[in-house]
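Inside the fold
So the chains spell out like this:
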Amino acid sequence: MSSQNFKAAEAVLRVELTSLRVQQPASSGDMVSLAMGEPDFDTPPRIVQAAVEALQAGYTHYAPLLGDKALCSALADEVSAQSGNAVKAGEILVTHGGTAGLAAAILSIVNPGDRVVIPDPTYSLYADLVNMAGGICVPMPCRADLHWDLERLDRALDGAKLFVFCNPGNPTGIVHSRAEIEALGQLVNKHDTLVIADEAYSDLVFTDRPFTSVLHIPAFAGRTLFCQTFSKSYAMTGWRVGYLAGPAEMIAAAARVHNTVNGSVNSAVQRAALVALTQCKDDVKRMYDVYRQRRVLMMEGLSAIPELKLNQPEGAFYCFPAYSLPIPAIDMVSLLREQGIAVRPGSEFGAAGEGHLRLSYAASSEAITEGVRRLKRGLASFK
């Protein structure tokens, strides 16, 4: 068959037709990037050393399909400590990063025609995966303060197979309160809706109130896949290791997808992840303290720009200001690149994100200061 006659599968075409994800050109020269959702820290040395030692010790063969036994045991202990319930065998799946965990979760649940509710704006991968599976995305616009509109959510969940959300939020930086998470628990039980809870940024919370995970709320038990990654907390984005936790039946279905598409996760990387989980809380705290300082630096800078309105970010490492100029977000980002500053368009995260920009403070203080200066200069010049 000639490649000229090739036509991609319908799953690919559905994603290409609907995807909002933006592949920005590489930043070069004098460009300051506040676009990347990636820690600028190197992975802590003891994690790197653990991988070296694992390779030298012979961890160069296939790992068990559900994950390295020692890592799965430690993850089970972690989930048990948060939920107060013993985690049984088969209720943990180690995945190729949070991305493969989300893919395995969504593709193992969603049938063609199933309705899947997602907040708007939210991380754009969710919609792509739902569309790949042939499901129907039901965007749920958030309130002006970027928190959920619970009445709208109640209506949206009627007849929905699945609700997918991240907390803390990407791109909004919102952290949902215990009251909000408890209300969600009541609603998904009322509508018999399954849940995927992506808590990739749960170690990066800057509110005075404690973070509330779905693991803390009994209403989510039996219907929820908890998705986590080592990428953000431990600065391990390139290592590609994450995990799912949930009921054995749901994990088995997700594992069938993951094992078919990905196979088992790199053996040595899993031993390094075990060291991260069990020995590196002080490294997480060290990076957290720096993010806290950078957050204040970015908020102060953005608050001094007349064209922007910023809802206070409560977690993750993002600011999501609205701008007042009548320019589509995708065009605004292109104009700002000409000013030497790279950010992400709010419209990448859903229709309700239009008129917003996402900026990451997972960048150096110098980059934040200079990037915000260029943003201010650019917005002033567009009037």
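On a predicted model such as this, the values are computed, not experimentally measured, just so you know.

1. Things to note about the sheet that holds strand β10 (residues 318–319)
- Sheet architecture is open: 3 strands sit in the order β10-β14-β13, paired in antiparallel fashion. Edge positions in the sheet fall to β10 and β13 (344–345), since each has one partner strand and no second.
- Judged from the 2 bridges that link them, β10 and strand β14 (residues 357–360) form a sheet pairing that is antiparallel. Each residue of the ladder has a partner; that of Y318, found in β14, is S360.

2. Structural notes on the layout of surface pockets
- Considered as a void within the structure, the largest pocket measures approximately 640 Å³ in volume.
- R21, G37, Y123, N170 and K232 are the residues nearest the centre of the largest pocket, which is lined by 29 residues in total.
- If you list the elements that add at least two residues to the lining of the largest pocket, you get α4 (97–109) and β7 (224–229).
- Of all the elements, α4 adds the most residues to the lining of the largest pocket, at 3 residues.
- For the lining of the largest pocket, the residue count by class is 12 nonpolar, 9 polar and 8 charged.

3. Brief notes about the nonpolar core
- The biggest cluster of nonpolar side chains holds 50 residues, and the ones touching the most others in it are V117, F165, F230 and Y234.
- The element that contributes the greatest number of residues to this core is helix α9 (residues 267–279), accounting for 7 residues.
- With residues up to four places along the chain from it excluded, the contact list for Y234 reads T43, P44, I47, A276, L277, C280, K281, V284 and M287.
- Counting 40 residues, the second largest nonpolar core, distinct from the first, contains M287, L357, Y361 and A367.

4. Some thoughts on helix α2 (residues 45–56)
- When the terminal C-alpha atoms of α2 are compared, their 17 Å separation across 12 residues agrees well with the 16 Å that a helix rising 1.5 Å per residue should span.
- Turning to α2, its buried residues are I47, A50, A51 and A54. Relative to the axis of α2, the buried residues are bounded by an arc of 100 degrees and lie together on one face. Of the exposed residues in α2, those oriented more than 90 degrees away from the buried face are P45 and Q56.
- Buried positions along α2 lie against α9.
- In the stretch just after α2, G58 is the one whose phi turns positive, near 100 degrees.

5. Observations concerning the packing of helix α10 (residues 281–303) against helix α12 (residues 365–381)
- Where α10 meets α12, the closest approach of the two axes is 10 Å, and the angle between their N-to-C directions is 15 degrees. Of the possible angle classes, the one that applies to α10 and α12 is roughly parallel. The way α10 lies across α12 gives a crossing that is right-handed. Of the residues in α12, those in contact with R294, L297, M298, G301 and L302 of α10 are S365, I368, T369, V372 and L375.
- Considered class by class, the residues forming the contact of α10 with α12 number 6 nonpolar, 3 polar and 1 charged.

6. Thoughts on unusual backbone geometry
- With an omega dihedral of 10 degrees, the bond running from D120 to P121 counts as a cis peptide bond.
- Counting through the fold element by element, P121 comes out in the loop between β3 (115–120) and α5 (125–133).
- The omega torsion across N167 and P168 is -5 degrees, close enough to zero to call that bond cis.
- Assignment of secondary structure puts P168 in the loop between β5 (162–166) and α7 (178–190).
- The residue D192 is not glycine, and still its phi comes out positive at about 55 degrees.
- Along the polypeptide, D192 turns up in the loop between α7 and β6 (194–198).
- D192 sits in the exposed class, given a relative accessible area of 58%.
- Although it is not a glycine, A316 adopts a positive phi angle of roughly 60 degrees.

Cut-offs used in this document
Residues numbered from 1 in each chain as written. Predicted model: local features only at pLDDT ≥ 70, side-chain atom pairs only at ≥ 80, totals over all residues. Heavy atoms only, no water. Pairing = 2+ DSSP bridges. Helix = DSSP H or I, 4+ residues; strand = E, 2+ residues; numbered from the N terminus. 1 Å grid on protein atoms, 1.4 Å probe; cavity = no way out; pocket = protein on both sides within 12 Å on 5 of 7 lines; lining within 4 Å. Points joined across faces, edges and corners; volume = space filled by probe spheres on them. Nonpolar A, V, L, I, M, F, W, Y, C, P; charged D, E, K, R; others polar. Core = buried A, V, L, I, M, F, W, Y, C linked by side-chain atoms within 4.5 Å. Buried < 20%, exposed > 50% of the residue type's maximum accessible area, 1.4 Å probe, protein only. Contact = heavy atoms within 4.5 Å. Expected span 1.5 Å × (residues − 1). Arc of directions from axis to C-beta. Axes fitted to C-alpha atoms, helices over the stretch in contact; angles between N-to-C directions. Parallel < 35°, antiparallel > 145°, perpendicular 65-115°, else oblique. Left-handed = near helix turned anticlockwise from the far one by under 90°.

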